[in-house]
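# Fold and contact review
Listed below, chain by chain, are the residues.
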Amino acid sequence: MLAWQGLAHHYAGADKPIRYADFALGAGRHLLLRGASGSGKSTLLALLAGLLRVQQGELNVAGTDLASLSPRALDAWRGATLGVVPQRLHLSEALTVAENLALPALAAGQGADPGRAAELLAALDIAELAGRRPHQLSVGQAQRVALARALMRRPRLVLADEPSANLDDEHTLHMLALLLDAAEREGCTLVIASHDARVVEALSARDDVAEMVL
Amino acid sequence: MIRLAWKYLWASPLTTALNLLLLTLGLAAVTFVLRTSAQVEAGLKRDLAGIDLVVGAKGSPMQIMLAGVFHLDAPTGNIPLATLDRLKQQPLVAQAVPLSLGDAFRGYRIVGTTPDYIELYGAKLGQGAAWTKPMQAVLGAEVARASGLKVGERFAGSHGLGASGGAHGDHLFEVVGVLAESGSVLDRLVLTDLASVWEVHEEHHAGEAHGEAHEDADEQRETTLILVRYRSPLAAAMLPRWVNAQDGLQSAAPALETARLMRLVGAGTEVLRGFGIVLLAAAGLSVWVALLHAVRARQGDLAMLRMLGAPASRVAALIALEALLLAGLAAVLGLLAGHGLVALLERLLAERQSLRLGPLGWSEAEWLVPLLAGALALLAAAWPAWRAYRLDVTTLLQAPR
């Protein structure tokens, strides 16, 4: 599902490039990326999402060599292959929950899929929230909506960046459970970037989670 | 995308409403100027009706033209009726139509003339027939509508060209015809035989305190103005000079005087147009600031769209689309408001029995309004859209909103 070799990224003005040890992740497994701030977690996530161009080395995600894609093709690939749950969720306040779930299709230039949205909202036990706006949701409800949005286009890979940021213990565990359940139900691979000890503790115990420390 | 842009547009209703108001006011002012310019020009052209020259008593050519062609100003005085024959004898004159003014009916001018005057405008009788003898009158369509007079009914004119003169109660006109609406100056005139005016005024003057007698009336007959059509273009160079050389006569070329009038009116039009452009510039600036603010406030949303697979160009297009939707709405409202203002002006002019702006409708120049709105929107959206295009997604998705 994921593999890179000799991967490195050099930001303009930086003294030296960030180098990543070679890595491969088989199908049916998930990845926990650990590391302190500035360790290169976010850069690796951006490379995996095709938001940063591969400058050095090889990067294969879900069977695609990302270095070979044009910027436009990378956008299309990202929309079709990737789901993202960002650290701050980034639900649009101008839109209702249902409209937020239509964004992945609109971003790809396609029509909304209300059936899929209803299916995901029901699966995540938030079917009654479709007409609400993000500010009317609790933290837990907003997390579920962000996850539903990530799953809308049936991605093969879901990236979750610091999913426990600003969450208490209960919500942290709940979020992890949601991610793992959804991955199992949808048959997708999770890449979770976190330096939260609670997340590390919860995921380390699982056989299907590989760990990479940056 | 349109629906999404619409949602984002109204996410800040107060800002959007303010921008919409500014844009609408600017576009309404531009619409009003375009519409009235076109209508005034069309109205003037229609009333000119191929009249090449107006001959009146010595005075201002502009006044003669306004009095003789548009019936807006008082005439400069009377001229001998013999002038009509002398003009008709000129080989360069194709047609000469006399107009005798002096009385009015409820503010509508009573014009003593010949049936040629009706033909000059290609007007048709809607009811009845033309006059065949003095004290018979044909009403313009608007006069008939406003007064409610019908064929066979009688009315008295009042002295002077306004509505407040003393009535000629002992000289009643009989309505023998009503003109069909022509959209020309004839709609707001009462037409009668030349002799009717002499009959009313000779009696009127005879009855006045000074008692001045008109024993040799036939020789001293007067008319007020004469409308002339040329037989050949050469007449334009010769005839005005000939007229002006005659004692007490003054010529006015409607084409020249109308152009001069339009230049005078044009200054006002320019001011209004300038005002509209200032409003539009302010609106454009306001939309620009609002869009820049929106891009900044919505960086997370836009970055998320990029993250979800939207190409940078689609995200930039979303911003441009927001501006275009606002501009489209403002163009519709601006056109409606502009037309509303023109209708209001038309009503005011009708109440004052002044120049008509012509039928309401859509003038070609008005296509400029949505184009102007669209261009302004794209100009205002260019920089914000570029900012959206260049959004650094990696940084934004990590940063707190």
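Residues numbered from 1 in each chain as written. Chains lettered and ligands numbered in written order. Predicted model: local features only at pLDDT ≥ 70, side-chain atom pairs only at ≥ 80, totals over all residues. Heavy atoms only, no water.

### Brief notes about the overall build of chain B
The helix and strand tally for chain B stands at 13 helices and 12 strands. Here chain B, with 401 residues, has 50% of them falling under the buried criterion. Summarising the internal contacts of chain B: among those between residues at least 6 apart in sequence, 79% fall at separations of at least 24. Split by element, the accessible area of chain B, about 18300 Å² in all, is 61% carbon and sulfur. (Helix = DSSP H or I, 4+ residues; strand = E, 2+ residues; numbered from the N terminus. Buried < 20%, exposed > 50% of the residue type's maximum accessible area, 1.4 Å probe, protein only. Contact = heavy atoms within 4.5 Å. Areas by Shrake-Rupley, 256 points an atom, 1.4 Å probe, with all protein chains shown as cover.)

### Considering the sheet that holds strand β4 (residues 30-34) of chain A
Residues and elements named next belong to chain A. Strand order in the open sheet formed by five strands is β7-β8-β9-β4-β10, and the pairing between neighbours is parallel. Looking at strand neighbours, the two that pair on one side only are β7 (82-85) and β10 (209-213), the edges of this open sheet. Taken over all neighbouring pairs, the strand axes of this sheet differ in orientation by 15° on average, direction set aside. Alignment of β4 against strand β9 (residues 189-193), held across three bridges, turns out to be parallel. When the bridges of β9 are listed, L32 appears paired with I192. Lying over the sheet, helix α2 (residues 71-81) contacts β7 and β8 (157-161), oriented at roughly 75° with respect to β7. Running at roughly 150° to β4, helix α7 (residues 197-204) makes contact with β4, β9 and β10 of the sheet. (Pairing = 2+ DSSP bridges. Axes fitted to C-alpha atoms, helices over the stretch in contact; angles between N-to-C directions.)

### Observations regarding the interface of chain A and chain B
In this complex, chain A contributes 30 residues to the contact, which on the side of chain B involves 27 residues. Considering only the surface of chain A that becomes buried against chain B, L51, H90 and A107 of chain A emerge as the three largest contributors, covering 24% of it. Across the pair E99 of chain A and K7 of chain B runs a salt bridge whose closest N-O atoms are separated by 2.7 Å. At the boundary of chain A with chain B, the tally comes to eight residue pairs in polar contact (both at pLDDT 80 or more). Residue assignment for the side of chain A that touches chain B shows that the elements contributing at least two residues are α1 (41-48), α2 and α3 (97-107) of chain A. (Buried area = accessible area lost by both parts, 1.4 Å probe. Salt bridge = Lys/Arg side-chain N within 4 Å of Asp/Glu carboxyl O. Polar contact = N/O pair within 3.5 Å; in protein donor to acceptor, adjacent residues only side chain to side chain.)

### Some words on the pairing of strand β3 (residues 93-105) of chain B
Residues and elements named next belong to chain B. With 12 of 13 residues buried, β3 is to be regarded as a mostly interior element. Sheet topology places β3 next to strand β11 (residues 225-230); six bridges connect them, and they run antiparallel. Its bridge partner being in β11, A96 is matched across the sheet by V228. Alignment of β3 against strand β4 (residues 108-113), held across four bridges, turns out to be antiparallel. Considered in β4, the bridge of S100 is made with G112. Bridging between β3 and strand β7 (residues 154-159) involves two bridges; their strand directions are antiparallel. Note on β7: the bridge partner recorded for A104 is S158.

### Details of the environment of I2 of chain B
All names here are of chain B. You can see I2 is positioned in helix α1 (residues 2-9). When the C-alpha positions of I2 and I277 are compared, they lie 28 Å apart, and in sequence the two are 275 residues distant. The residues touching I2, leaving out its near neighbours within four places in the chain, are L321 and L325.

### Focus on the side chain of N19 of chain B
With respect to the helices and strands, N19 of chain B occurs in helix α2 (residues 13-48). The residues touching N19 of chain B, leaving out its near neighbours within four places in the chain, are S286, V287, A290 and L326 of chain B.

### Topic: the packing of α2 of chain B against helix α11 (residues 312-351) of chain B
For any two helices packed against each other, one specifies the inter-axial angle together with the distance between the axes. Residues and elements named next belong to chain B. Packing of α2 against α11 leaves a shortest axis separation of 6 Å and a crossing angle of 45°. Viewed along their axes, α2 and α11 adopt a mutual orientation that is oblique. Like other packed secondary-structure pairs, α2 and α11 cross with a definite hand, here right-handed. For the contact of α2 with α11, a count of residues per class yields 16 nonpolar, nine polar and one charged. (Parallel < 35°, antiparallel > 145°, perpendicular 65-115°, else oblique. Left-handed = near helix turned anticlockwise from the far one by under 90°. Nonpolar A, V, L, I, M, F, W, Y, C, P; charged D, E, K, R; others polar.)

The analysis is restricted to geometry; functional conclusions fall outside its scope.
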